[in-house]
Amino acid sequence: MNTFQIFEQFRGPLGEEAAKALAQTLGAMFAELKDSVTKEDFRILREASDANFTRIDSVLERLADAQARTEQSLQELTAVVRGLVIRTDRHEGDLLELRFQRRLPSYLGLYLRRAKVLQPADLLDEVEAKLDRPEVEDYLRADVLAQGLVDDKPTYVIGEVSYTADADDVERAARRAALLRKADLPAVGLVACESVHPQTIAYAREQGVRVGARGRFVDEKEGTSGAGNAALQPEPWAPKR
């Protein structure tokens, strides 16, 4: 550092004594800095920094890989759990369907008088004469079919049995009841379940489908806020007058 140039530069505005003091102070500071930090120091510092950044980059890469593996594992676990839930729901639905068919006269006794459980194939001749083949195939996939008297009128009850009822169950029950009516057979759609959301119950009412949970009819003002325990009407499966 050229302290004389500093002195000459600041002598005019600061005066000789102040400019001299400033030049001496800056010269001393520069000398001290020069002695304390050499080029070798800068080289060592730069290499150390580069090494640290390299290690940091390596750690970040390992963290990214670990995160990717964790996300993959979570996705695989989610798929497994979803599959288990679906299989469990299907299994519970199959058991419920068997139980409902076996106890249908008891469940529907106050609604469907003289109830008799049928198989969809029992009416195959009647529906084939009136329906197209795709409609017949759809009808044959119904979970439950029964005949009896509703308000003293011969009626068929056809529908779906599902552990947790949803809008799809309602649509299938309504569609297959309409197919029987198209075949000149009076019919009412029914969805039997263990749990049901109030919105599904309201939708069923719009579609003219009766909904029963745990052996009792439910209306659109009752049910659950989710897929848990369904609230039930006081009267078991009784027709509304």
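Residues numbered from 1 in each chain as written. Predicted model: local features only at pLDDT ≥ 70, side-chain atom pairs only at ≥ 80, totals over all residues. Heavy atoms only, no water.

Draft legend 1. Region of interest: the pairing of strand S2 (residues 144-150). Of all seven residues in S2, six are buried; the element is thus mostly enclosed. Bridge analysis of strand S1 (residues 113-118) against S2 gives four bridges, and the strand direction is antiparallel. Bridge assignment links arginine 113 to a residue of S2, and that residue is leucine 149. Inspection of the sheet shows S2 paired to strand S3 (residues 153-165) by seven bridges, in the antiparallel sense. (Buried < 20%, exposed > 50% of the residue type's maximum accessible area, 1.4 Å probe, protein only. Helix = DSSP H or I, 4+ residues; strand = E, 2+ residues; numbered from the N terminus. Pairing = 2+ DSSP bridges.)

Draft legend 2. Spatial organisation of helix H5 (residues 133-140). Taken together, the buried positions of H5 are Val136, Asp138 and Tyr139. Buried residues in H5, looked at end-on, bunch into an arc of 160°, giving them a common side. Facing away from the buried side of H5 by more than 90 degrees, the exposed set consists of Arg133 and Pro134. Structurally, H5 contributes buried residues whose contacts are with helix H4 (124-128), S2, S3 and helix H6 (167-182). (Arc of directions from axis to C-beta. Contact = heavy atoms within 4.5 Å.)

Draft legend 3. Main features of the pairing of S3. Here S2 folds back onto S3 in antiparallel fashion, the turn holding two residues, of which aspartate 151 has a positive phi close to 55°. Pairing of S3 with strand S4 (residues 187-196), which is carried by nine bridges, proceeds in the parallel orientation. Each residue of the ladder has a partner; that of valine 157, found in S4, is valine 188. A crossover connection joins S3 to the parallel S4 through H6; in handedness this β-α-β unit is right-handed. (Right-handed = clockwise from strand over helix to strand, strands pointing away.)

Draft legend 4. Just the sheet that holds S2, in detail. Strand order in the open sheet made by the six strands is S1-S2-S3-S4-S5-S6, with mixed pairing throughout. The open sheet has two edge strands with one neighbour each: S1 and strand S6 (216-217). Of the strands in this sheet, S2, S3, S4 and strand S5 (209-213) are in contact with H6, which crosses S3 at around 160°. (Axes fitted to C-alpha atoms, helices over the stretch in contact; angles between N-to-C directions.)

Draft legend 5. Region of interest: the packing of H6 against helix H7 (residues 198-207). With their axes 9 Å apart at the nearest point, H6 and H7 run at an angle of 15° to one another. On the basis of the axis angle, H6 is roughly parallel to H7. In the packing of H6 onto H7, the handedness of the crossing is right-handed. Within the contact between the two elements, H6 uses Ala167, Val170, Glu171 and Ala174 and H7 uses Thr200, Tyr203, Ala204 and Gln207. (Parallel < 35°, antiparallel > 145°, perpendicular 65-115°, else oblique. Left-handed = near helix turned anticlockwise from the far one by under 90°.)

Draft legend 6. Geometry of the pattern of salt bridges. One pass over the full model with this rule turns up nine salt bridges. The salt bridge involving glutamate 137 is made with arginine 133; its shortest N-O contact spans 3.2 Å. With glutamate 137 and arginine 133 both in helix H5 and four residues apart, this pair spans about one turn of that helix. Given a relative accessible area of 63%, arginine 133 falls into the exposed group. Measuring nitrogen to oxygen at the nearest pair gives 3.0 Å for the salt bridge that ties arginine 172 to glutamate 160. Of this pair, arginine 172 sits in helix H6 while glutamate 160 sits in strand S3; the two residues are twelve residues apart in sequence, bridging distant segments of the chain. Beyond isolated ion pairs, a larger network of salt bridges with shared partners links Asp138, Arg141, Glu160, Asp169, Arg172, Arg175 and Arg176. (Salt bridge = Lys/Arg side-chain N within 4 Å of Asp/Glu carboxyl O.)

Draft legend 7. Focus on the side chain of threonine 200. You can see threonine 200 is positioned in helix H7. A relative accessible area of 10% means that threonine 200 is categorised as buried. Setting aside residues up to four positions removed in sequence, threonine 200 forms contacts with Ala165, Asp166, Ala167 and Val170.

Draft legend 8. Region of the structure containing the packing of H5 against H6. Contact pair H5 / H6: the axes reach a minimum separation of 9 Å and the direction vectors enclose 125°. Between H5 and H6, the angle is such that the two are oblique. The way H5 lies across H6 gives a crossing that is left-handed. Judged by residue contacts, Glu135, Asp138 and Tyr139 of H5 engage Arg175, Arg176, Leu179, Leu180 and Lys182 from H6. Residue classes in the contact of H5 with H6 are distributed as three nonpolar, no polar and five charged. (Nonpolar A, V, L, I, M, F, W, Y, C, P; charged D, E, K, R; others polar.)

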